[in-house]
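Residue-level structural notes
Spelled out, the chains give:
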2 protein chains.
Amino acid sequence: MVRTHRVTIQDVSVLSGLSICTVSRALRSLPNVSEKAQRQVAEAASKLGYKASAAASRLAGGSTGSVAIVAPTATAWFFAQAVEAAEEVFGDSGYDTVLVSLRNKATVRKQFFADLGNLAQRVDGLLLLNIDLAPEEVEALKASGLAVASVGMENVPWDNVGIDDEHAAWQATQHLLGLGHWDLAVLSSNEHSVVTETPRFRGFRRALDEHHLTVHPDLVVGAGPSIDDGRRAMTELIARGAKPTAVFAHCDEAAFGALTALREHGLSVPKNVSVIGIDDHPMSWFLGLSTVAQPVADQGAFAANLLCERLLNTESPQQHSNHLLDTKLIERKTTRHKR
Amino acid sequence: MVRTHRVTIQDVSVLSGLSICTVSRALRSLPNVSEKAQRQVAEAASKLGYKASAAASRLAGGSTGSVAIVAPTATAWFFAQAVEAAEEVFGDSGYDTVLVSLRNKATVRKQFFADLGNLAQRVDGLLLLNIDLAPEEVEALKASGLAVASVGMENVPWDNVGIDDEHAAWQATQHLLGLGHWDLAVLSSNEHSVVTETPRFRGFRRALDEHHLTVHPDLVVGAGPSIDDGRRAMTELIARGAKPTAVFAHCDEAAFGALTALREHGLSVPKNVSVIGIDDHPMSWFLGLSTVAQPVADQGAFAANLLCERLLNTESPQQHSNHLLDTKLIERKTTRHKR
DNA sequence: GACAAAATTGTAAGCGCTTACACTTTTGGC
DNA sequence: GCCAAAAGTGTAAGCGCTTACAATTTTGTC
């Protein structure tokens, strides 16, 4: 099994009796190759266990054979799930998966965009996960010439798959309102600028609107997708003197954190405060957390497939698509009627 | 900012007034380059924003500029943490991080080793996370010529960092024994062959030995590092009619699953059964899970650094090292004296 | 059958970099 | 100062692939 000399396209050429050029074309299923040649090449290649050198291919103008997944952070449950699902799809399509975590840091993010031009020559495509893009960032992405697809993003000029975030948040909020809660706190996803109109925040507000209620600024706080952030956020809310009777967290992990903080402050759930999240994390069942379930791995895999398709037929000027998967309210034990 | 022509080493050569060859050497800090030349090149390169083409570099015999992280699964908390920490280190050292998840599947794993030769030309190094290697797999890895480092592995012919798994398991088990529990169940890490001598299992058994107790086969069950697996494992144990008074889970996520299953079967923790894990997952605090804490991100970052060093000075025939980081028993509320 | 058009295949020139080797300059000992 | 050794620099040949473009073969038509 130990081969001293790497198998090159040259070897395939010799064995198949066809020119390197024809082999190259046959290997990539380009037009203008006779069936016979196609067969000979395929046979020779498989016999030799030939695999094109990614480096050489790339250098000559071909593809790099790898795609990058860009996530705000790689540790959150949602991202880890989506990344693994996408990695599987990419792997099956013969692509290496390069992982890029923005680590929730503005500097890293800036660095990423500054380096985009270089990244563009190392990968063929980008799978973006829930990144809230500024217009100039969208432009930079388009200018990079890379194929792009995303999960959980809005109004982007490429294929996207996600859930109806606004609706999911609405479902959660509506549930709370239906239980008679009017003083709702929200742990919003955007840590830095709570004011930002994230879809989930919009859904939250819309539900309030429908009940002729308004969002109280003191009851809004930012939290990243982690237990620690959720805990910190809830603690801050309590420190402000806020007295919500229910809390809507933008994701289950933040909700777990809220649960933690609430308990630390002697508040009982759901007796004193109701809590709901979004995700349906495996832990939620155990904790009895009410939530809005979303198919996570499916989203990652779906978007990855979309990207692979784009990568295949490059010239496709087709419109980009936006696929929304279903969400479902799951009532458990952290939400109950307001006394 | 839109550059139509990619900046090549040629451009740097012209601007600096030196030959391409000298530029190449200067850029890679090879010997035999005068300080003056070094300076000129550096200046020209930075002025042009030059970055070498990974593909060209690789093709010509240089490095690929990327490393792969191989994990048994990418979704478990431990791996997500370690991966992100390592990714940061690699990124800072200028390497792209290729993620490879074995997805806990034997077929994927086999595929990975079969494809190792090809992978070897796409990356410079490998960071292995907790992969239980067969001797021939170790050989294959060595034969690939790749630089390798690992996290949480035993007796491997390359740099490794981890914790003293045996000791950690001993600490957990010893804690249980100290509370008067004799009928201990263990959720072991190896799903497929429970018999395997994993370090944690050894630690478990050693603690038992010290108390002149023996491992009862009916109280041993395999579980992967996930809530679902832990739950399944504990359920199976209960279905077998096993009546342990305490459970040692090889990781916190499996412990969470055990907690879940226990509750589903009407068993109260710690009243009826005590439970302890290893990790100190952020959720453990909230759940009051007793555990043995280990520094996860540190291990990933440390190993990544070790790999980067190896990558830097290739000729180093130095002995490989094995670094063990400290663990600490954390008593919380899921363990108590046997009544 | 003859001939143009279409289909297939081959030739050769790079892609941007590394590296053996040749060449030029500097260094240092006497 | 002279000369060999050392240090620095340049030349040129690839690495394995893609791709214009040229060459060849096949096809179809009258």
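Read on for a plain summary of the structure.

Quick notes on the rules
- Position numbers for residues count from 1 along each chain, tracking the sequence in the order it is written.
- Here chains are named by letter from A upward and ligands by number from 1 upward, in the order in which they appear as written.
- Whole-chain, interface and lining totals are the exception, using all residues; otherwise, since this is a predicted model, local features are given only for residues with pLDDT of at least 70 and side-chain atom pairs are given and counted only at 80 or more.
- Residues are classed as near a molecule or strand if the C-beta position derived from their backbone is within 6 Å of it.
- Strands here are runs of E lasting at least two residues and helices are runs of H or I lasting at least four, both read from the DSSP assignment and numbered beginning at the N terminus.
- Each residue gets one label: Ala, Val, Leu, Ile, Met, Phe, Trp, Tyr, Cys and Pro are nonpolar, Asp, Glu, Lys and Arg are charged, and the others, such as Gly, are polar.
- Every angle, taken between N-to-C directions, lies between 0 and 180 degrees, and every axis is a line fitted to C-alpha atoms, over only the stretch in contact when it is a helix.
- Relative orientations are named as follows: roughly parallel for angles under 35 degrees, roughly antiparallel for angles over 145 degrees, roughly perpendicular for angles from 65 to 115 degrees, and oblique for any other angle.
- Crossing chirality is assigned from the near helix's rotation relative to the far helix, an anticlockwise turn below a right angle marking it left-handed and a clockwise turn marking it right-handed.
- Once C-beta atoms are placed from the backbone, any two residues with those atoms within 7 Å are in contact.
- Exposed residues have 12 or fewer other C-beta atoms within 10 Å of their own C-beta, buried residues have 20 or more, and partly exposed residues fall in between, where C-beta atoms are placed from the backbone.
- Two strands pair under a simple rule: DSSP has to find at least two bridges between them.
- Expected span, for any helix, means 1.5 Å times one less than how many residues it has.
- C-alpha atoms of residues with pLDDT of at least 70 in both copies form the basis for the least-squares superposition of the copies.
- If you view a crossover with the strands going away from you and the path from the first strand over the helix to the second runs clockwise, you call it right-handed.

Considering the protein's contact with DNA strand D
Close to DNA strand D lie 29 residues; I9, S24, A60 and G62 of chain A together with S19 of chain B are nearest. Listing elements by their share of the surface near DNA strand D, those giving two or more residues are α1 (9–16), α2 (20–27) and α4 (54–59) of chain A together with α2 (20–27) and α3 (35–48) of chain B. Ranked by residues supplied to the surface near DNA strand D, first place goes to α2 of chain A with four residues. Class assignment for the residues of the surface near DNA strand D results in 14 nonpolar, eleven polar and four charged.

So, the packing of helix α9 (residues 165–178) of chain B against helix α10 (residues 199–210) of chain B
Residues and elements named next belong to chain B. Between α9 and α10, whose axes approach to 7 Å, the crossing angle comes to 40 degrees. Between α9 and α10, the angle falls in the class oblique. Two packed elements cross with a definite hand, and for α9 against α10 that hand is right-handed. Along its contact with α9, which presents D165, E166, H167, A168, A169, W170, T173, Q174 and L177, the element α10 presents P199, R200, R202, G203, F204, R206, A207 and L208. Looking at the contact of α9 with α10 residue by residue, the class counts come to eight nonpolar, four polar and five charged.

Re the pairing of strand β6 (residues 184–188) of chain A
Residues and elements named next belong to chain A. Counted residue by residue, β6 has five buried out of five residues, so it is predominantly covered. Pairing analysis gives four bridges linking β6 to strand β8 (residues 246–249), with the strands arranged parallel. The residue of β8 that forms the bridge with V186 is F248. With three bridges connecting them, β6 and strand β7 (residues 220–222) associate as parallel partners. Within β7, the position partnered with S188 by the bridge is G222.

Quick look at the protein's contact with DNA strand C
Inspection of the region around DNA strand C gives 29 residues, with S19 of chain A together with I9, S24, A60 and G62 of chain B positioned closest. Elements with a minimum of two residues in the surface near DNA strand C: α2 and α3 (35–48) of chain A together with α1 (9–16), α2 and α4 (54–59) of chain B. With four residues, α2 of chain B is the single largest residue contributor to the surface near DNA strand C. Of the residues assigned to the surface near DNA strand C, the class counts are 14 nonpolar, eleven polar and four charged.

Concerning helix α5 (residues 77–92) of chain B
All names here are of chain B. Between its terminal C-alpha atoms α5 stretches 23 Å, which fits the 22 Å expected from 16 residues at 1.5 Å a residue. Among the 16 residues in α5, 15 count as buried, and that is most of the element. One or two steps after α5, the chain reaches G94, where phi turns positive at roughly 85 degrees.

Section: the relation of the copies chain B and chain A
At an RMSD of 0.1 Å, chain B and chain A line up after a rotation of 180 degrees and a shift of 0.0 Å along the axis. With respect to symmetry, the two chain copies, as superposed, fit the operation of a two-fold axis. In this assembly the copies share their binding face: 100% of the residues contributing to the interface of chain B also contribute to that of chain A.

A short note on the pairing of strand β4 (residues 147–151) of chain B
All names here are of chain B. The element β4 is extensively covered by neighbouring structure, given that five of its five residues are classed as buried. On β4, burial covers both faces: A147, A149 and V151 on one face and V148 and S150 on the other are all buried. Strand direction decides the pairing type here: strand β3 (residues 125–129) and β4, joined by five bridges, are parallel. Within the sheet, the bridge partner assigned to L127 lies in β4 and is A149. In the classification by handedness, the crossover that spans β3, the intervening helix α8 (residues 135–143) and the parallel β4 is right-handed.

Focus on the sheet that holds β6 of chain A
All names here are of chain A. The mixed open sheet is built from six strands, whose spatial order is β7-β6-β8-β9-β10-β12. Two strands lie at the open edges of the sheet, namely β7 and β12 (328–330), each paired on one side alone. Across the sheet, the axes of successive neighbouring strands diverge by a mean angle of 20 degrees, strand direction being ignored. Judged from the three bridges that link them, strand β10 (residues 290–293) and β12 form a sheet pairing that is antiparallel. In the sheet register, T291 faces β12, and the bridge partner there is I330.

Remarks on the sheet that holds strand β7 (residues 220–222) of chain B
Residues and elements named next belong to chain B. With respect to topology, six strands assemble into an open sheet ordered β7-β6-β8-β9-β10-β12, the strand pairing being mixed. Strand pairing shows two members of the sheet lacking a second neighbour, β7 and β12 (328–330), which therefore form its edges. Across the sheet, the mean angle from the axis of one strand to that of its neighbour is 20 degrees, orientation sign disregarded.

So yeah, pure geometry; function would need other evidence.
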